[in-house]
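The primary structure of each chain is shown beneath.
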Amino acid sequence: MKRVLITGVAGFLGSHLAERFLHEGWEVYGADNFLTGQRENVELLAQIPHFHFEEKDVRFGVPFPRTPVDLILHFASPASVPDYLAYPIETLEVNGRGTHLLLEHARQHGSRFLYASTSEVYGDPEVHPQPETYVGHVDPTSPRGVYDEAKRYGEALVLTYHREYRLDVRITRIFNTYGPRMRLDDGRVVSNLLVQALQQKPLTVYGDGTQTRSFCYVDDLVEGIYRLATYEGLEGSVVNLGNEEEIPILELARTIQSLVGARLTIEHHPLPPRDPKRRRPDLTRARTLLQWEPRVTLREGLTRTLKFFQAKLGVPS
Ligand code: NAD
Ligand code: UDP
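Residues numbered from 1 in each chain as written. Chains lettered and ligands numbered in written order. Predicted model: local features only at pLDDT ≥ 70, side-chain atom pairs only at ≥ 80, totals over all residues. Heavy atoms only, no water.

*Asks:* Give me the lowdown on the overall build of the chain, citing residues and values where you can.
*Replies:* Along the backbone of the chain there are 11 helices and 13 strands. If you line up the chain on its principal axes, its C-alpha atoms span 60 × 45 × 40 Å. Restricting the contact set of the chain to residue pairs at least 6 apart, pairs at least 24 apart contribute 80%. Only carbon and sulfur atoms are counted for the fraction: they give 50% of the accessible area of the chain, which is about 13,400 Å². Across the chain, the centroid of the 37 positively charged side chains sits 1 Å from that of the 41 negatively charged ones. (Helix = DSSP H or I, 4+ residues; strand = E, 2+ residues; numbered from the N terminus. Contact = heavy atoms within 4.5 Å. Areas by Shrake-Rupley, 256 points an atom, 1.4 Å probe, with all protein chains shown as cover. Lys, Arg positive; Asp, Glu negative; His and termini not counted. Charge placed at Lys NZ, Arg CZ, Asp CG, Glu CD.)

Spelled out as structure tokens, the structure:
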């Protein structure tokens, strides 16, 4: 039985990935320190055979140090804007020192290593859509810089282990992903607007809402990550994963209004500093290397996510 170590397993993406690998017949070793994750995600996974969990801060040591694994998925890191602004040092360290410790572990045991990077490495992009060859437009001095630069440093470390030690590494740059198991209070736009809509509160749109994002449904992302992690011959690859359906935030608010079917108002709040004006992945590389295509439309994905939020909030559907 193949073994995978997943850091950040109590989080939104980590828990979905663990479920997928278990379903594919892998032995899954998960670790988390619950900084931004949820114990209930681990409780769900613990019901599935071949799942093992260790509560561990990966900045200070490797989980399951005596269990060599075939694959490491490093997903531990605060990820939403309010989360990484609340934990800036932790964010820098888990992507810096945490990544380094895990890479060293992978080198000792010959494990394949997949790192969760982000579209934020492109910053406020001057090239649109963003291909992996675009080197980005990031302000290291802005508050947001802690996340962007942490991930850029993480990428540099991962690729250095590939060049210096021929370690089999892969990097995915994930674009805004949403779906069931997001924390209701993570502060991301999809969770904020869904909770507000279900509670009949005004929908908060930052700035004038003309800034765009391209939202990917979690099942599509997990499929892309599974392929990137398991396909042969992808050593050293950096691959965007996301959805190309680009939408202004004001239009996202209107879509959620129409889905929930309530009469809701829209309330404009100040735009956070250095908020990227537009973002859309160039998926050419993902299509070529992984024969992968996102399939779930925004409306369909939001409908599925809405059901999860309704159940969580106890709102009848
Ligand atoms: P999340 O906050 O739900 O999950 C992150 C998990 O990491 C949490 O369970 C948290 O407790 C854990 N964690 C943080 N620091 C840790 C530490 N030092 N030791 C152990 N565990 C630690 O976020 P997510 O959306 O699931 O994101 C997972 C990964 O994907 C992150 O690396 C994030 O940067 C990346 N990513 C996510 C998105 C997205 O849209 N969801 C986009 C780009 C990149
Ligand atoms: N945003 C918003 N209302 C909210 C939360 C976020 O208008 O309640 C905006 C935010 O300013 C950004 C976009 O929605 O322009 C996406 O924000 P999110 O924090 O989800 O992701 P990121 O900025 O990291 O892409």
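*Asks:* Go over the packing of aromatic side chains with me, naming the residues and quoting the values.
*Replies:* Under the defined criterion, the tally for this structure stands at 11 aromatic pairs. Each member of the aromatic cluster is reached from another via a ring pair, and the members are Phe 21, Trp 26 and Tyr 226. A cation over an aromatic ring shows up here: Arg 39 above the ring of Phe 34, its NZ or CZ 4.0 Å from the ring centre. (Phe/Tyr/Trp six-rings, centres within 6.5 Å; stacked < 30°, edge-to-face > 60°. Lys NZ or Arg CZ within 6 Å of the ring centre and 35° of its normal.)

*Asks:* Describe in detail the sheet that holds strand S3 (residues 51–55), supporting the description with residues and values.
*Replies:* Taken in spatial order, the 7 strands make up an open sheet running S3-S2-S1-S4-S5-S6-S11, and their pairing is parallel. Edge positions in the sheet fall to S3 and strand S11 (237–241), since each has one partner strand and no second. Neighbour-to-neighbour, the strand axes of the sheet open up by a mean angle of 20°, direction not taken into account. In this structure, strand S4 (residues 71–74) lies alongside strand S5 (residues 112–118), joined through 4 bridges in parallel fashion. Bridge pairing in S5 places Leu 71 opposite Arg 112. Sheet strands in contact with helix H6 (residues 145–165) are S5, strand S6 (169–174) and S11, and its direction is about 155° off that of S5. (Pairing = 2+ DSSP bridges. Axes fitted to C-alpha atoms, helices over the stretch in contact; angles between N-to-C directions.)

*Asks:* Before we move on, can you summarise the site of ligand 1 with the specific residues and values?
*Replies:* For ligand 1, the set of nearby residues contains 29 residues, the closest of which are Leu 13, Asp 32, Thr 36, Asp 57 and Tyr 147. Separating an oxygen atom of ligand 1 from a backbone N or O atom of Leu 13 is a distance of 2.8 Å. At 3.2 Å from a nitrogen atom of ligand 1 is found a side-chain nitrogen or oxygen belonging to Asn 33. In the complex, 96% of the free accessible area of ligand 1, which totals 820 Å², lies under the protein chains. Here the element with the most residues in the shell around ligand 1 is S5; it accounts for 3 residues. Looking at side-chain class alone, the shell around ligand 1 contains 13 nonpolar, 10 polar and 6 charged residues. (Near = heavy atom within 4 Å. Polar contact = N/O pair within 3.5 Å; in protein donor to acceptor, adjacent residues only side chain to side chain. Nonpolar A, V, L, I, M, F, W, Y, C, P; charged D, E, K, R; others polar.)

*Asks:* Can you lay out the packing of helix H5 (residues 97–109) against H6 for me, pointing to particular residues and giving the numbers?
*Replies:* At a minimum axis distance of 10 Å, the contact between H5 and H6 shows a crossing angle of 20°. For the element pair H5 / H6, the angle class is roughly parallel. Here the hand of the crossing between H5 and H6 comes out right-handed. Across the interface between the two elements, Thr 99, His 100, Leu 103, Glu 104 and Arg 107 from H5 touch Gly 154, Leu 157, Val 158, Tyr 161 and Tyr 165 from H6. Here the residues of the contact of H5 with H6 sort into 5 nonpolar, 3 polar and 2 charged. (Parallel < 35°, antiparallel > 145°, perpendicular 65-115°, else oblique. Left-handed = near helix turned anticlockwise from the far one by under 90°.)

*Asks:* How would you summarise the site of ligand 2 if you had to cite specific residues and measurements?
*Replies:* Neighbouring residues of ligand 2: 17 residues in total, closest Thr 204, Tyr 206, Arg 213, Asp 275 and Arg 279. For ligand 2, a nitrogen atom lies 2.8 Å from a polar atom in the backbone of Thr 204. Note that an oxygen atom of ligand 2 is positioned 2.6 Å from one of the side-chain N or O atoms of Asp 275. Compared with its free state, where it exposes 520 Å², ligand 2 has 95% of that area covered by protein.

*Asks:* Could you give an account of the side chain of Asn 240, naming the residues involved and the relevant values?
*Replies:* Mapped onto the elements, Asn 240 comes out in strand S11. Owing to a relative accessible area of 0%, Asn 240 belongs among the buried residues under this scheme. Within the local environment of Asn 240, its side chain forms a polar contact with the backbone oxygen of Gln 130, the two atoms lying 2.8 Å apart. With near-sequence residues (within four places) excluded, Asn 240 lies in contact with Tyr 122, Gln 130, Pro 131, Glu 132, Arg 173, Phe 175, Pro 281, Asp 282, Leu 283 and Ala 286. (Buried < 20%, exposed > 50% of the residue type's maximum accessible area, 1.4 Å probe, protein only.)

*Asks:* Tell me about helix H4 (residues 88–95), residues and numbers included.
*Replies:* Side chains that are three or four residues apart share a direction in an α-helix, a result of its 3.6 residues per turn. Those residues of H4 that fall on the buried side of the exposure criterion are Thr 91, Val 94 and Asn 95. Projected down its long axis, H4 shows its buried positions confined to an angular sector of 90°, all on one face. Residues of H4 that are buried sit in contact with S4, helix H3 (81–86), H5, S5 and H6. (Arc of directions from axis to C-beta.)

That's the geometry; what it means functionally is another story.
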